[in-house]
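# Structural features, examined
Spelled out, the chains give:
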Amino acid sequence: ITLFYDNSVTGLQKSLADQQFRFIDEVISSLHVHLMHNQTMEVLLVQGPAKKLQAIADEMASRRGVLSGKMNLIAAVIPQLHPFKGKKRKAKKKA
């Protein structure tokens, strides 16, 4: 997800950070770069079902102060980051 926004809008950066925290299972990493004239570009690496990711991108892009937002899909899979979610991990026996 790529966002381009006005970082002088009160509360926008906190709102975007809060949303990333709400979707911690989907948001893998984020990078933001401060540009000229109170502008910031933020790139988020996300994983999950495309429909859910599009909803997250749409919610972020619709915030007041976001100038543009877009989700780009790639046909690649990254290793699962939360492999034991909901399952108990079995301990290995020592020989």
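Everything in this summary refers to the structure shown in the same document. Every residue gets a number counted from 1 within its own chain, in the order that chain's sequence is written. Predicted model: local features are reported for residues with pLDDT of at least 70 only, side-chain atom pairs are reported and counted for 80 or more only, and whole-chain, interface and lining totals are derived from all residues. Hydrogens and waters are ignored; side-chain quantities use all the structure's heavy atoms.

This part covers the overall build of the protein. Helices and strands together make up the secondary structure of the protein, namely 2 helices and 4 strands. The numbering of helices and of strands both runs from the N terminus, where a helix is a DSSP run of H or I of at least 4 residues and a strand a run of E of at least 2. Reading the protein from its N terminus to its C terminus gives the helix and strand order β-α-β-β-α-β. Evaluated residue by residue, the protein yields a buried proportion of 26% over its 95 residues. For this analysis, residues touch if any pair of their heavy atoms sits within 4.5 Å. Of the contacts made within the protein by residues no fewer than 6 positions apart, 64% connect residues no fewer than 24 positions apart. For each residue, the accessible area found with a 1.4 Å probe, counting protein chains only, is set against the maximum for its type, and the residue is called buried under 20%, exposed over 50%, and partly exposed in between.

Attention now goes to helix α1 (residues 12–22). For α1, every residue scored as buried is listed here: Leu12, Ser15, Leu16, Gln19 and Gln20. Buried residues of α1, viewed axially, fall in a sector of 140°; they line one side. More than 90 degrees from the buried face of α1, the exposed residues found are Lys14 and Phe21. Close packing links the buried residues of α1 with β1 (2–6), β2 (27–34), β3 (39–46), α2 (50–61) and β4 (66–70). Directions pointing from the helix axis toward each C-beta atom define the arc.

Strand order in the open sheet formed by 4 strands is β2-β3-β1-β4, with antiparallel pairing between adjacent strands. Where the open sheet ends on each side, the last strands, each with one partner, are β2 and β4. Each strand of the sheet is rotated relative to its neighbour by a mean of 15°, with strand direction disregarded. For two strands to pair, DSSP has to find at least two bridges joining them. Here 7 bridges tie β2 to β3, and the two strands are oriented antiparallel to one another. Bridge assignment links Ser29 to a residue of β3, and that residue is Leu45. Only C-alpha atoms enter the line fits that serve as axes; for helices the fit covers just the stretch in contact. Angles between N-to-C directions range over 0 to 180 degrees. Strand contacts of α1: β1, β2, β3 and β4, with the helix running at about 155° to β1, the strand carrying the most contacts. The sheet contacts of α2 involve β1, β3 and β4, and relative to β4 the element is tilted by about 170°.

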